[in-house]
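Below are the chains, spelled out letter by letter.
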Amino acid sequence: MTPDVLFKYVAVLLFVIGLYGMLSQPHMLRKILAGNLMSVGVFLFMIATAARNASITADPVPHAMVITGIVVSISVTALALMLVERIQRSSKRIHLYWWFRHPHDRDDEP
Amino acid sequence: MISVLIVLPLTAAFLVFLWPRQATFIGLSASAATVILTAICVTSVYLSGPMHTLLGGWSPPLGIRLAIDGLSALMLSMMALVGGLLSLFAPGYFKRSHDKPATITLFWPLWLLLWGTLNGLFMAADIFTLYVLMEISLLAAVALVTLSPSQVATMAALRYLLVTTTGSLLYLMGVAILYDAYGVLDMVLLAEEVQSGWALTTALLLMTIGLMTKAALFPLHFWLPPAHALSPVPVSAILSALFVKGAFYLLLRLWSALGEQAASAEFSLVIAMLAVAAIVWGSVQALRQRHLKMLIAYSTVAQVGFFFLAFPALANSHHTGPDIDPGLAGSAIQVVAHALAKASLFLAAGILLLARHSDRLSAMRGMARSLPVTAAALALAGLGLYGPPGSGAGLGKSLLGQALHGGEHGWWEPLLTFAGLLTITYVLSMLRYIVLPYRGSLTMTPVSLWLQAIPLVLALCGLGLGWFEPLLIELLQVQSGGTE
Amino acid sequence: MGPVGGVFDGLLALVLLVLSIRLLFVSSLFHAVVLFIALGLLMGLTWVRLQAPDVALAEAAIGAALTGVLFIDLLYKLTHRNNIRSSVSERLIYEQTMPRRWLTACLSALVCIALLAPLLMVAAQSPTTGAGLTPAVSAAMAATGVTHEVTAVLLNFRSFDTLLELTVLFVAVLAALTLRVMDTSSLPTAIPKPPDPLMDGLWRLLLPLLVAVSGYLLWLGSFTSGGAFQSGIVMAATIILLSLTGQRTLELLPPLVWRALLVVGLLNFIVVGAAMLMLEGAFLQYPQGWAGGLILLLEVTASLTIATALVTLVLGLSVPAMFKRYPDPR
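Residues numbered from 1 in each chain as written. Chains lettered and ligands numbered in written order. Predicted model: local features only at pLDDT ≥ 70, side-chain atom pairs only at ≥ 80, totals over all residues. Heavy atoms only, no water.

A. Focus on the overall build of chain C. Check the secondary structure of chain C and you find 12 helices and 0 strands. The N-to-C order of helical and strand elements in chain C reads α-α-α-α-α-α-α-α-α-α-α-α. In chain C, buried positions account for 52% of the 330 residues. For chain C, the accessible area works out to roughly 14,200 Å², and carbon and sulfur atoms hold 72% of it. (Helix = DSSP H or I, 4+ residues; strand = E, 2+ residues; numbered from the N terminus. Buried < 20%, exposed > 50% of the residue type's maximum accessible area, 1.4 Å probe, protein only. Areas by Shrake-Rupley, 256 points an atom, 1.4 Å probe, with all protein chains shown as cover.)

Given below as C-alpha cells:
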C-alpha cells in the first residue's frame, strides 16, 4: 500500500470520527474539537491526492487549497470559542443539542 | 467587469471598517452602485447572452471563472432588488430601535460582505472558490445574528455556526473527492469529465447533505427558526430572504451539472419526501407560534420545501431542446417571489416592533386602523407567500406543477393543493389579528411612513412578478454553452 | 523509502486514529485539548511525509500552536471564572436522561456508518496514477514571476481565492468585534502579570530573531516553501508569545492603525486587482514581466494583515480592551 492510499483511509476515518463527535457529543467545546478533526480529515485527503505520484513533484493546487482551508478553520474556531465564552459568562451553559430541546430552553422568548 | 459585483461591496465593507463614522454614507453609496451595476449586467445578459470573466487571466483548470447566465442573472437581480430596499430600511430601523449606536457601524460592513459573497456564490464556477465564499457569508451571517445582544441569540448563533460549518465540511470533503477523481475544480470541466461511480455518488451525497443543512431542508432545519427569529429585524430579513437561497442555488447548479451520471431518480424521490415533510412540519409549527417573527421563520422552513420540489420536477421531466426546463424556471421564480414576500414580512414585523415594542401576535390587534400601511404590507406579503394565480409565487407554482404533471406520480397535484391550503391557513391565522379589535388602551410609538412603505413595496414587487412572465422566461433561457 | 518508510507510515496512521478517538472520548476536557495539540504536531509530520512542507509550516504554527493557545486559554478562563473545580466544568457530564443520550448516540452512529461505507469505497477505488494539475502548473510556471509552485497557485493562478481567504480572516475579526461591542455584561478585567526579568532577557534575544525569520520566510516564498502565510503566522506567533509573557502588544497601537493594518492587505489586493482590470482586462491579471514584483508587493501587505488578524483573534479572548475602541457613528 503506497502512503497516499494509506492516508486516504486515515483521512476518511478521521473525518467520520469527527462527524460522530460533532453529532453525538453534547459539550460545546468537544463539538468544536470534533469540527477541527473533520477538517483535518479533509485536508489529509487533499494532501494524499497531491502526493500520489511519487515520481514527480506533488500537485501544488491541493497544497494551496489546504493552506486556505487551515486559515478558514482557525477563523471559525476562534469565533466559535468566543461565542462559547460569551454564553458561559452569561448562562454557565456548556451543552448544546441538535435535535432535543435543552431543559432550560425557552423558545418563545422574543 | 462582473468581478466588480463581488469586489465592490467587499471594498465598501473594508472602508466602513476603516472609517466607521461614515458607515451609512459609504454603505448607501456602495449599495446604490451595486444595484446599478447589477442592473447593467443583467440587462447585458438579457440582450446579448451570457457573460464570463477569467480571474487573474488564467482559464480553468488553473484559474477561476466567473459566469452569469440567465439563472445567475435572475438571482443577482433578486439580490439587488431585496438588498437595495433592505439597505434603505436598515439605517432608519436601527436609528429608531433601542439598539446600541454601534450596531449600525457593525451592520454595514457585515451586510456588504454578505452581499458581495452571495453575488459571488451566484457567479463562481469553481467548487473550491464556492467553499471559501460560503465560509465568508456564513461568518458574516453569524456575526449579524450576534448583533442582537440577548443571550438566547448568542446561543442560536453558536448553533448556527456549528451546524453550517459541519455542512461546509461535508461539502469540502465532496470537493476533495471530486478533485481526487477528476483533477479539476471548474464545474463545466467537471461536467465533461465525470463518470458514474463511487467517487461521483459519494461526493454528490456529501455535498447535497452539506448544502441541505445550509438551506435548512427538513429534518436539517432545526437551527433556522431561532437564528432567524432572534436576530434584529433587517438581519432576519437578510438571512431568510437571501442567505438560505445561496445554498439552494448551489445545489441546483451542482445537480444540473453533475447529476445526470448519478442515480438521480432515487435521490429525487428522497428529496421529494423530505420536501413534503418540510412543508407540512413548517406549516404546522408556524400555526403553533405566538410570535410573529417565529411564525415567519417557520414559514421559511415550509417554503424551503417548496423550492426543493424542483428536484423531483427535474428528474421527472423528459425535457429536451434549448428551452429552459419548466421545473427549473418555476423553482427559480418561486425563490425570487419568496425572497420578496419574506423580506416584506420580516420588515413589517420590524415596524410592529418599533410601534408596539413586541412582536406577539396579540400585539397585532388593531393594526388595520393604527398602522394601515404595514397591515396592508403584511396582508399582501402573506398573499405573496401563498401565490394566487398571476402573482410571482403563483407563476412559479404553476410552472412546477406543469413539470411534475405527466410523470408517473399522479399524487403530486392533490399534494400541491394541500400544501397551498396549509400555507393559506397559517397566513390567515396570522392576518386575523390585524382586523381584531384591540382591547384596552393602545400605546403606540409613531413610525415614519417612509419606513413603512418599504415592506409594502417589497410585497407589491412579489405579487407583480407574475406580470413579467415572458420577460422572466426569456431571461432564464439564456444559458452558457461551456467554457470559452 | 522502502520498508522502513512503510512501517513508519503505518505507525503514524495508527497513532493518528488512536489519538483522534481518544480526544473525543477522554473524560477530561483538558486532556482532550492536549491530545488535539499532539494530533496537530503529528499532522505536521504527516504533511512532511506526504511532501507538503508548505502545509507543514502552516499546520505547525496555526493548527497546533494557535488553535492550542485558543483552547487552553478558554479552558483556563472557564474553570477560573466559574470558580468550579475542574471535575465539574471539564469532565464529561450529562444533563440529559439515558434514553435520549442513547438515541442521540445511535442516530449519530447510524449517520456516520451510512457515510463511512461509501467514503471507504472512494478511498479504495481512488485513482493511484494521474498527476492532477501538476503538468498544467509546470507548463505555466514561466509566466508566473515566481519559481515556487504553491506560491504561484496562491498568488497568481488562484489569487482570487487568497483575497477571499484574507476576507475570511477579516470577517472573523469583525465577528469577534461585534460580539464584544454588543456585549452588555461586564467584562472580567485581565489580571496584570508581574514583570519577569528572565522573560524580559529572553525576549531581547528572541524578538529580533523571530522578526528576521518572518521576513526571511516572506522572501523565501518566491522560490521555495514559505511566503506570506507562513511569514504572517510566525509574526503573529511572536506577538502572541510576547503578549502571553505579560507584555502589552497590540493594545499599544492606536485604534486607527490597528484597523488600517487589518485592511491594508485586502485593500492592496483590490487596488492591484482593479488596476489590472483596467489595464489588462481581468481582475488580478498581472502584465507580462510584472508578476514577480506585484506578487511580492501583495505578499508584504498580506502578511501584515494576516499577522494582525491572527493576533486579534487569538488575543481577543484575553485582551478585551482591544475591542473596546470601535467608534460610534456620528
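B. A look at the overall build of chain B. If you tally the helices and strands in chain B, you get 20 helices and 2 strands. Its C-alpha radius of gyration of 21 Å places chain B within 12% of the 23 Å reference for a compact globule of 484 residues. Within chain B, buried positions represent 69% of all 484 residues. Partitioning the contacts of chain B with sequence separation of at least 6, the portion at a separation of at least 24 is 82%. Carbon together with sulfur atoms contributes 66% to the accessible area of chain B, which is approximately 14,500 Å² in total. Side-chain charges in chain B split into 20 positive and 18 negative, and the spacing between the mean points of these groups amounts to 29 Å. (Rg over C-alpha atoms; globule rule 2.2 N^0.38 Å. Contact = heavy atoms within 4.5 Å. Lys, Arg positive; Asp, Glu negative; His and termini not counted. Charge placed at Lys NZ, Arg CZ, Asp CG, Glu CD.)

C. Quick look at the interface of chain B and chain A. On the side of chain A, 44 residues touch chain B, which itself brings 37 residues to the contact. Around 3,600 Å² of area is buried between chain B and chain A when both sides are counted, 75% of it from carbon and sulfur atoms. The tally of links from chain B across to chain A stands at 2 salt bridges. For the salt bridge of R52(A) with D180(B), the shortest nitrogen-to-oxygen distance reads 3.0 Å. One can count 4 residue pairs in polar contact (both at pLDDT 80 or more) joining chain B with chain A. (Buried area = accessible area lost by both parts, 1.4 Å probe. Salt bridge = Lys/Arg side-chain N within 4 Å of Asp/Glu carboxyl O. Polar contact = N/O pair within 3.5 Å; in protein donor to acceptor, adjacent residues only side chain to side chain.)

D. Local environment of unusual backbone geometry. Residues and elements named next belong to chain B. With omega at 10°, the peptide bond leading from P60 into P61 counts as cis. Along the chain, P61 falls in the loop between β1 (51–55) and β2 (64–68). The linkage connecting F218 with the following residue, P219, adopts the cis geometry, with an omega of 0°. Residue placement: P219 occurs in the loop between α8 (198–215) and α9 (224–230). Backbone geometry places A216, a non-glycine residue, at a positive phi of 65°. With respect to the element layout, A216 can be found in the loop between α8 and α9. By relative accessible area, which is 0% here, A216 ends up buried. Although it is not a glycine, H357 adopts a positive phi angle of roughly 55°. Inspection of the secondary structure puts H357 in the loop between α14 (326–356) and α15 (367–370).

E. The arrangement of the interface of chain C and chain A in detail. In this assembly, 98 residues from chain C lie in contact with 72 residues from chain A. Of the roughly 7,900 Å² buried where chain C meets chain A, counting both sides, 76% is carbon and sulfur surface. Across the salt bridge formed by R180(C) and E85(A), the nearest N and O atoms sit 3.7 Å from each other. In terms of residues, the side of chain C that touches chain A owes the most to one element, helix α5 (residues 98–125) of chain C, which gives 15 residues. Here the side of chain C that touches chain A is built from residues that sort into 63 nonpolar, 22 polar and 13 charged. (Nonpolar A, V, L, I, M, F, W, Y, C, P; charged D, E, K, R; others polar.)

F. Up close: the confidence of the model for chain B. For chain B, per-residue confidence averages 88 on the pLDDT scale, and 95% of positions sit at 70 or higher. For chain B, helix α13 (residues 310–316) of chain B is the element with the lowest average pLDDT, namely 79, and helix α5 (residues 127–145) of chain B is the one with the highest, namely 96. (pLDDT = per-residue confidence, 0-100.)

G. Here's a closer look at the pattern of salt bridges. All chains considered together, the criterion is met by 8 salt bridges over all chains. One salt bridge connects R49(C) with D9(C), and the closest N-O pair in it is separated by 2.7 Å. On the criterion of sequence distance, the pair formed by R49(C) in helix α2 (residues 29–49) and D9(C) in helix α1 (residues 2–25) is long-range, its members being 40 residues apart. Taken together, the shared-partner salt bridges connect K8(A), R52(A) and D180(B) into one network.

H. View of the environment of G382(B). Residue and element names in this part refer to chain B. Of note, G382 is situated in helix α16 (residues 372–386). Put simply, G382 and T423 are 41 residues apart on the chain and 8.9 Å apart in space, counted from C-alpha to C-alpha. Excluding its chain neighbours within four sequence positions, the residues that come into contact with G382 are L345 and V427.

I. Here's a closer look at a nonpolar patch on the surface. Together, M199(C), L202(C), L206(C), L209(C) and V213(C) give the surface a local cluster of nonpolar side chains, amounting to about 380 Å² of exposed area. Topologically, V213(C) is positioned in helix α9 (residues 197–220). (Patch = residues over 30% accessible without salt bridge, like charges linked within 9 Å, V, L, I, M, F, W, Y side chains within 5 Å.)

J. Expanded view of the pairing of β1(B). Residues and elements named next belong to chain B. Only one face of β1 is buried, namely the one carrying M51, T53 and L55, since none of H52 and L54 on the opposite face is buried. For β1 and β2, the ladder comprises 5 bridges, and the chain directions are antiparallel. Within β2, the position partnered with T53 by the bridge is L66. (Pairing = 2+ DSSP bridges.)

K. Just the state of the cysteines, in detail. All names here are of chain C. Taken as a whole, this structure holds 0 disulfides over all chains when the rule is applied. No disulfide involves C112; its sulfur sits 12 Å from the nearest other cysteine sulfur, which is in C106. In this structure C112 comes out as buried when scored by relative accessible area, which is 5%. (Disulfide = S-S within 2.5 Å.)

L. Spatial organisation of the nonpolar core. Residue and element names in this part refer to chain B. In this structure, Y171 and F308 are the most contacted members of the largest nonpolar core, which totals 352 residues. Here this core gets 20 residues from one element, more than from any other, and that element is α14. For Y171, the residues in contact, after removing those within four places along its chain, are I127, L130, Y131, M134, L206, M207, L211, L250 and L254. (Core = buried A, V, L, I, M, F, W, Y, C linked by side-chain atoms within 4.5 Å.)

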